[in-house]
Amino acid sequence: MKPTDRELGMDRPIQRRDFLNGVAVAIGASLLGSSKAAAQQSASPYPPSLTGMRGLYPGSFTTAHALRDHTFWKNSDKPSDTGERYDLVIVGGGISGLSAAYFYRKVAGNHARILILDVLDDFGGHAKRNEFDVNGRKLLGYGGTYAIESPSPYSPIAKSVITDLGIDVTADARVRDTKLYSSLGMGPGVFFDQATFGADLLLPDPKPEKDADFGDPGTTETHWKEFHERAPMSTAAKLDIQRIYEGSKDYMPGLSPDEKKAHLARMTYAKYLTDIAGADPSVVKYFQTRPHAYFGVGIDAVSAQDAWGFGLPGFLGLNLGTEPGPGISHDSIQSEEAEKYWFHFPDGNASIARLLVRKLLPAAIPGNSFEDVVTAKADYARLDEAGSATRIRLSSTVARVKHLGDVDTAKEVEVAYVKDGKLQSVRAARCILACWHSMIPYLTDELPQKQRAALASAAKVPIVYTNVVLNNWNAFQKAGVNSLYAPGSYFEAVQLDLAVTMGDYQCPRKPEEPIVVHLMKTPCHPGLPARDQHRAGRVELYGTTFETFERNIRDQFARALASGGFDPARDIAAITVNRWPHGYAYEYNSLFDPFWLDGGEQPCVVARQPYGRVAIANADAAAYSYTDAAIDEAYRAVSDLLGTARG
Ligand SMILES: Cc1cc2nc3c(=O)[nH]c(=O)nc-3n(C[C@H](O)[C@H](O)[C@H](O)COP(=O)(O)OP(=O)(O)OC[C@H]3O[C@@H](n4cnc5c(N)ncnc54)[C@H](O)[C@@H]3O)c2cc1C
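Residues numbered from 1 in each chain as written. Predicted model: local features only at pLDDT ≥ 70, side-chain atom pairs only at ≥ 80, totals over all residues. Heavy atoms only, no water.

**With respect to the site of the ligand**
Now for step 1: Around the ligand, the surrounding shell holds 35 residues, and the nearest of these are S96, D118, T145, W436 and T627.
Now for step 2: Secondary-structure elements contributing two or more residues to the shell around the ligand are α5 (95-108), β11 (396-403), β14 (461-470), β18 (572-584) and α26 (627-644).
Now for step 3: Each residue belonging to the shell around the ligand can be placed in one class, and the counts come to 19 nonpolar, 14 polar and 2 charged. (Near = heavy atom within 4 Å. Helix = DSSP H or I, 4+ residues; strand = E, 2+ residues; numbered from the N terminus. Nonpolar A, V, L, I, M, F, W, Y, C, P; charged D, E, K, R; others polar.)

Here it is in structure tokens:
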């Protein structure tokens, strides 16, 4: 029997803000009986501390969807000209848009007049900061971009930005304790859920050797005795999993490594497991969500070659060598050099966005080091000040970008945007579109059909990063886990925050302290082609209320941590759901994108071509969902613009 809403604590007064018909309301605040809490929740001017539904929160996409549905423009609509004139207007204040401003100023000087417009009430795009205050203790979480990490080494350009921002990635060894949880007897665990596996069971690693990574079962299933005795799977399936991990049989005899890779690139890992390695079909359920964090889909839509490159088991006997074959995904290329360039701020790469804003507008974010930025409080009132050369205007959805005159000869671009329900416009000598590519065809009719189609094809991968603040993590310690792989659950990965202490920020070190727990969900729909899964997942996310997320969070914690005595009504202090219907940039997949396997024009190259006085950035321009791509594409867009625009 499922616990009732009351047992789950759905009526408990915690920090969570939601929206009714686009208006923020403080759920539970009245129950708190605290007018201070209610005021803080309903009218906070400080976006990082807003809880409840974040990411693409209700109300943030109304204008964009009206543009999509062709219901926005009425014949009489004319934006009111604010009279502002800029050298450059940038659409999108994510890391690509902020980097574009940074690169442009390097060429044009700090007095260049730049306006950055963004839909959201915070800057940084996917690099999103979540702040919490639990009884006076400040806790940070990442609502999107997790770390400086990339499958390929950072380019010299991207590295130069990181260095110029003062970030020292080698400090990771100093600021991150990678043994905190294992020293407390905690490690990875697998949570088998009843609907998928027939019984709710948490199987912790009996001998944790290190703090577990996000959603990684770690060595759990390699402690075979324990796994075979307890995992709620058939003996045949468990023996198959063991064979897949340890067996050295060549399942594709008679083929060369290149021929094998060519076959593997054209079949799913799920098919490889059942049809080539001969595993019991229930084994697929066990591995299903392993690639979610990178690909946004499961092993039904990830190629076997990608699974091999990504490090999933079953290939020991194939002698594939180390070189990837054609069609391998970005995420499946292993690079030792890239692995070394890794850094995690407590708010993820939101710190990069904040450091970029500090460069552009020093008064908005005080301090002068990459360590003090962690706790620096941004002054949002300083972002868009009259008289400032660079301005960042939030909660502003661009609806149209239009050359004033012929695209090839115009001297100005008009950028129309909606802020506070008002359609306004500014003019600029140049414009960079650093927003999501799939949005661009709705902003302009000045592009050829082929480029419009290429832009539209970059529809993003939906994903949800949720931060749940617990009053303490005693239950995790008692259950012996700091990270869960939960292949059938609502959230497929759960992890206690990384133990990072930087500047004035102290991470929780004792189980009785409050902590942020990260949960990940990719709303994919197995069985469909990857893009269709993303489309269906996006629709699902837009239709999912905060209440549904909250109920699932409470239910999953209660069931997964029952052995640790977790009480969802007692132990949860705050919830922030970072919903990203337009999440990762779509990366090409050998199963569904023939040009990626067989060669041919890549849509992202067609999509990013500049026109007139407009250039196109964003990570979509590289079809590569990483921070370095956002920076590299900003640099390329600025170069495109300064190379092509006249005057
Ligand atoms: C959940 C998640 C986790 C990730 N983790 C990592 C990681 O660990 N490491 C890593 O390197 N990368 C990671 N990535 C990828 C990385 O975040 C992105 O590649 C990078 O931040 C993209 O930056 P961007 O500026 O190109 O796009 P975005 O961050 O998406 O910014 C684009 C901005 O454009 C705005 N916009 C869109 N349309 C309009 C409009 N019409 N008018 C005005 N503004 C508009 C949006 O609001 C948005 O803020 C992650 C991505 C996600 C979603």
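**Examining the pairing of strand β16 (residues 493-496)**
Now for step 1: Both faces of β16 are covered, namely the face carrying A493 and Q495 and the face carrying V494 and L496.
Now for step 2: Two strands pair when backbone bridges link them, and strand β15 (residues 481-485) and β16 are joined in this way by 3 bridges, in the antiparallel orientation. When the bridges of β16 are listed, Y485 appears paired with A493.
Now for step 3: Here 4 bridges tie β16 to strand β17 (residues 515-521), and the two strands are oriented antiparallel to one another. What sits directly across from Q495, in β17, is H518. (Buried < 20%, exposed > 50% of the residue type's maximum accessible area, 1.4 Å probe, protein only. Pairing = 2+ DSSP bridges.)

**Description of the pattern of salt bridges**
Now for step 1: The final tally for this structure, using the stated rule, is 41 salt bridges.
Now for step 2: The residue E229 makes a salt bridge to K225 at a minimum N-O spacing of 2.9 Å. With a gap of 4 residues between them, E229 and K225 both fall in helix α10 (residues 224-230), about one helical turn apart. Each of the two residues, E229 as well as K225, counts as exposed.
Now for step 3: Residues E412 and R427 are paired through a salt bridge, measuring 3.4 Å at the closest nitrogen-oxygen approach. Taken together, the residues E412 in the loop between β11 and β12 (413-419) and R427 in strand β13 (residues 422-433) connect sequence positions 15 residues apart.
Now for step 4: Take E412: its relative accessible area is 26%, and that puts it in the partly exposed class.
Now for step 5: On the accessibility criterion, R427 (26% relative accessible area) is partly exposed. (Salt bridge = Lys/Arg side-chain N within 4 Å of Asp/Glu carboxyl O.)

**Regarding the pairing of strand β10 (residues 390-393)**
Now for step 1: Across the two faces of β10 the burial is the same, with T390 and I392 and R391 and R393 all buried.
Now for step 2: Both strand β5 (residues 114-117) and β10 contribute to a ladder of 4 bridges, which runs parallel. Its bridge partner being in β10, I116 is matched across the sheet by I392.

**Looking at helix α22 (residues 546-560)**
Now for step 1: With 15 residues, α22 extends 21 Å between its outermost C-alpha atoms, agreeing within 8% with the 21 Å of an ideal straight helix rising 1.5 Å per residue.
Now for step 2: For α22, the tally of buried residues reaches 11 of 15 residues, placing the bulk of the element in the interior. (Expected span 1.5 Å × (residues − 1).)

**A few points about the sheet that holds β15**
Now for step 1: With respect to topology, 8 strands assemble into an open sheet ordered β3-β18-β14-β17-β16-β15-β8-β9, the strand pairing being mixed. What marks the edges here is a single partner per strand, and that holds for β3 (52-55) and β9 (201-204). Looking at each pair of strands side by side, their axes are set apart by 25° on average, direction ignored.
Now for step 2: When β3 meets β18, the two strands line up parallel, connected through 4 bridges. The residue bridging R54 from the neighbouring strand is N578, located in β18.
Now for step 3: In the packing of helix α21 (residues 530-542) onto the sheet, the strands contacted are β14, β17 and β18, and the crossing angle to β18 comes to about 140°.
Now for step 4: Sheet strands in contact with α22 are β3, β8 (187-192), β9, β14, β15, β16, β17 and β18, and its direction is about 115° off that of β18. (Axes fitted to C-alpha atoms, helices over the stretch in contact; angles between N-to-C directions. Contact = heavy atoms within 4.5 Å.)

**Describing the confidence of the model for the chain**
Now for step 1: Per-residue pLDDT for the chain has a mean of 92; in total, 94% of the residues score no lower than 70.
Now for step 2: A low-confidence stretch, residues 19-23 stays under pLDDT 50, and its non-local contacts, those more than four residues away or across chains, total 7 contacts.
Now for step 3: Taken as a whole, residues 26-44 scores under 50 in pLDDT and shows 25 contacts with residues more than four places along the chain or in a different chain. (pLDDT = per-residue confidence, 0-100.)

**Some words on the nonpolar core**
Now for step 1: The biggest cluster of nonpolar side chains holds 90 residues, and the ones touching the most others in it are I167 and I432.
Now for step 2: Sequence-distant contacts of I167, that is, excluding residues within four places in its chain, are made with I148, I162, F345, I352, L355 and F370. (Core = buried A, V, L, I, M, F, W, Y, C linked by side-chain atoms within 4.5 Å.)

**Considerations on the environment of V302**
Now for step 1: Among the structural elements, V302 can be located in the loop between α15 (292-295) and α16 (304-310).
Now for step 2: C-alpha separation for the pair V302 and R608, spaced 306 residues apart in sequence, amounts to 26 Å.
Now for step 3: Among residues more than four places away in sequence, those in contact with V302 are M267, T268, Y269, P291, F295, V297, A307 and L591.

**As for the side chain of E131**
Now for step 1: Within the secondary structure, E131 sits in strand β6 (residues 129-134).
Now for step 2: Among the polar contacts made by the side chain of E131, one reaches the side chain of R129 at a distance of 2.8 Å.
Now for step 3: The contact partners of E131, leaving out residues within four places of it in the chain, are Y46, P48, S49, K138, L139 and L140. (Polar contact = N/O pair within 3.5 Å; in protein donor to acceptor, adjacent residues only side chain to side chain.)

**Some points on the packing of α5 against helix α18 (residues 350-360)**
Now for step 1: Where α5 meets α18, the axes come as close as 10 Å, and the angle between the chain directions of the two elements is 30°. Compared by their axis directions, α5 and α18 come out roughly parallel. α18 is crossed by α5, and the crossing has left-handed handedness. Contacts between α5 and α18 involve I95, L98, S99, A101, Y102 and R105 from the former and I352, A353, L356, V357, K359 and L360 from the latter.
Now for step 2: Residue composition of the contact of α5 with α18, by class: 9 nonpolar, 1 polar and 2 charged. (Parallel < 35°, antiparallel > 145°, perpendicular 65-115°, else oblique. Left-handed = near helix turned anticlockwise from the far one by under 90°.)

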